[in-house]
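Each chain, letter by letter, is given below.
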Amino acid sequence: MAWRSTGVSNSELVENLVRNGMMKDPRVKAAFLKVDRAHYSPRSPYEDAPQSIGHSATISAPHMHATATENLIDYIVPTDARPAPRVLDIGSGSGYLTHLMAELVGDKGLVVGVEHIRELKELGEKNMAKGADGRALLDSGRVKFGVGDGRKGWVEPAREGEEGGGEGWDAIHVGASAKEVHEELLSQLKSPGRMFIPVDDDGAGWSQHVWNIDKDENGNISRKRLFGVRYVPLTDPPV
Ligand code: SAH
């Protein structure tokens, strides 16, 4: 599956993801067309494969970013009930997915990318600033990057005038595999809200699966196992 959608340009990559059934939602497609993966992947940006970005991190494969966005889309886009979506991207790495999600949250929304490696936090910002669109999003305050341990989530106070704000998150994307669904993360998920998280089910990295963890409007939690993956682990920062 990994290589099938490779293209020679950003738009061809996106069209191939659609043709291969990896991207079905037109809102997701529109966002992917706006963000040139060449600003984020140091080599072969239109290949449907992960690439190294240094510091033992990778930019995930495009079909994984597509799948993650499709799973979270209903919690990312603004609605009457959720006029200002708040989205957390843990392990923001290249910043690619952070930017993509910022294209979807609308004028009042907020996306925060969290990295435990300062150089990668700065890489995300630098990559986003390569395009006019990314620079405008950074300037607007609709997207931010921070340094911290993503296993503890991120507390970002509601901005002035932010409607329906609060400190929690409507959607949490975790870009590295977790040993467990960390309680602190779960407590920061709003009701309703969804977390997309790869979990290292056997604790040894051999059996990772992505889970959708949903909190309904009454705070009830349900978990759905989606598919097997190989992600780098969520760890302590290197010393
Ligand atoms: N979504 C990124 C994925 C980067 S790889 C992209 O596609 O570009 C996973 C990232 O998780 C790495 O950048 C790594 O530095 C980061 N990471 C690992 N453990 C972390 C932790 N405890 N807190 C925050 N980030 C972490």
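Labelled according to an unreviewed UniProt entry, the protein chain appears under the name protein-L-isoaspartate(D-aspartate) O-methyltransferase, originating from Cephalotrichum gorgonifer. The UniProt entry for the protein chain carries this comment under Sequence similarities (unreviewed entry): "Belongs to the methyltransferase superfamily. L-isoaspartyl/D-aspartyl protein methyltransferase family."

Q: I keep staring at the overall build of the protein chain and nothing clicks. Help me out?
A: Regarding its fold elements, the protein chain presents 7 helices and 9 strands. Projected onto the principal axes, the alpha-carbon positions of the protein chain cover approximately 45 × 40 × 40 Å. The buried share of the protein chain, reckoned over its 239 residues, is 54%. For the protein chain, contacts bridging at least 24 residues in sequence account for 58% of all contacts bridging at least 6.

Q: Could you clarify how one ought to interpret the sheet that holds strand E3 (residues 86-90) in this entry?
A: Backbone hydrogen bonds are what pair the strands of a sheet, in a parallel or an antiparallel way. If you walk across this open sheet you meet the 7 strands as E5-E4-E3-E6-E7-E8-E9, and the pairing is mixed. Of all the strands in the sheet, just strand E5 (143-147) and strand E9 (221-229) have a single pairing partner and so form its edges. Within the sheet, the average angular offset between the axes of one strand and its neighbour, ignoring direction, is 15°. Here 4 bridges tie E3 to strand E6 (residues 169-174), and the two strands are oriented parallel to one another. Looking across to E6, one finds that Ile 90 is bridged to Val 174. In the packing of helix H3 (residues 62-76) onto the sheet, contacts are made with E3, E6, strand E7 (189-200), strand E8 (208-215) and E9, and the angle to E7 comes to roughly 165°.

Q: Is there a simple way to explain the site of the ligand in this structure?
A: His 65, Ser 94, Glu 115, Gly 150 and Thr 235 are the nearest of the 23 residues found near the ligand. At 2.7 Å from an oxygen atom of the ligand is found a side-chain nitrogen or oxygen belonging to Ser 94. Between the ligand and the protein, one listed contact pairs an oxygen atom with a side-chain N or O atom of Glu 115 at 2.6 Å. Looking at which element gives the most residues to the shell around the ligand, the answer is strand E2 (residues 57-59), with 3 residues.

Q: Would you take a moment to explain the pairing of E8 for this structure?
A: Regular strands place their side chains on alternate faces of the sheet. Of all 8 residues in E8, 7 are buried; the element is thus mostly enclosed. Taken together, the 8 bridges between E7 and E8 define a ladder with antiparallel strand orientation. Within E8, the residue paired with Arg 194 across the bridge is Asp 214. Bridge analysis of E8 against E9 gives 8 bridges, and the strand direction is antiparallel. Along E9, the bridge assignment pairs Asp 214 with Ser 222. Counting the residues that bridge the hairpin from E8 to E9 gives 5 residues, and of these Gly 219 lies at a positive phi of roughly 90°.

Q: What is the right way to look at H3 in this model?
A: Along an α-helix, residues three or four positions apart point the same way, because every turn accommodates 3.6 residues. At Glu 70, H3 shows its maximal bend, which comes to roughly 40°. Burial analysis of H3 places 13 of its 15 residues in the buried class, the great majority of the element.

Q: Got a minute to help me understand the pairing of strand E4 (residues 110-115) in this structure?
A: Across the 6 residues that make up E4, a large majority, 6, are buried. After leaving E3, the chain enters helix H4 (residues 96-102) and then returns to the sheet as E4, a path that is right-handed. Across 5 bridges, E4 lies against E5 in parallel orientation. Following the sheet pairing, Val 111 is matched in E5 by Val 143.

Q: Help me understand the layout of surface pockets, please; the structure alone is not making it clear to me.
A: Over the atoms a probe the size of a water molecule is rolled, and this reveals where empty space is left. In this structure, the largest pocket encloses a volume near 700 Å³. Lining the largest pocket are 40 residues, with Ala 57, Thr 58, Gly 175, Ala 176 and Val 232 sitting closest to its centre. For the lining of the largest pocket, the secondary-structure elements that each account for two or more residues are E2, H3, E3, H4 and E4. Within the lining of the largest pocket, the residues separate by chemical class into 19 nonpolar, 17 polar and 4 charged.

Q: Help me out: how do you make sense of unusual backbone geometry in this one?
A: Most peptide bonds take the trans form, and the phi angle of most residues other than glycine is negative. Following Ser 191, the chain continues to Pro 192 via a peptide bond in cis, the omega torsion being 0°. Relative to the helices and strands, Pro 192 is located in strand E7. Despite not being glycine, Ser 44 has its phi angle at roughly 40°, a positive value. Tracing the backbone through its elements, the reader meets Ser 44 in the loop between helix H2 (26-34) and strand E1 (51-54). In this structure, Ser 56 takes a positive phi of about 60° despite not being glycine.

Thresholds applied
- Residues numbered from 1 in each chain as written.
- Predicted model: local features only at pLDDT ≥ 70, side-chain atom pairs only at ≥ 80, totals over all residues.
- Heavy atoms only, no water.
- UniProt positions renumbered as here; feature names shortened; annotations may be inferred.
- Helix = DSSP H or I, 4+ residues; strand = E, 2+ residues; numbered from the N terminus.
- Buried < 20%, exposed > 50% of the residue type's maximum accessible area, 1.4 Å probe, protein only.
- Contact = heavy atoms within 4.5 Å.
- Pairing = 2+ DSSP bridges.
- Axes fitted to C-alpha atoms, helices over the stretch in contact; angles between N-to-C directions.
- Near = heavy atom within 4 Å.
- Polar contact = N/O pair within 3.5 Å; in protein donor to acceptor, adjacent residues only side chain to side chain.
- Bend = angle between axes of the 7 residues up to and from the residue.
- Right-handed = clockwise from strand over helix to strand, strands pointing away.
- 1 Å grid on protein atoms, 1.4 Å probe; cavity = no way out; pocket = protein on both sides within 12 Å on 5 of 7 lines; lining within 4 Å.
- Points joined across faces, edges and corners; volume = space filled by probe spheres on them.
- Nonpolar A, V, L, I, M, F, W, Y, C, P; charged D, E, K, R; others polar.

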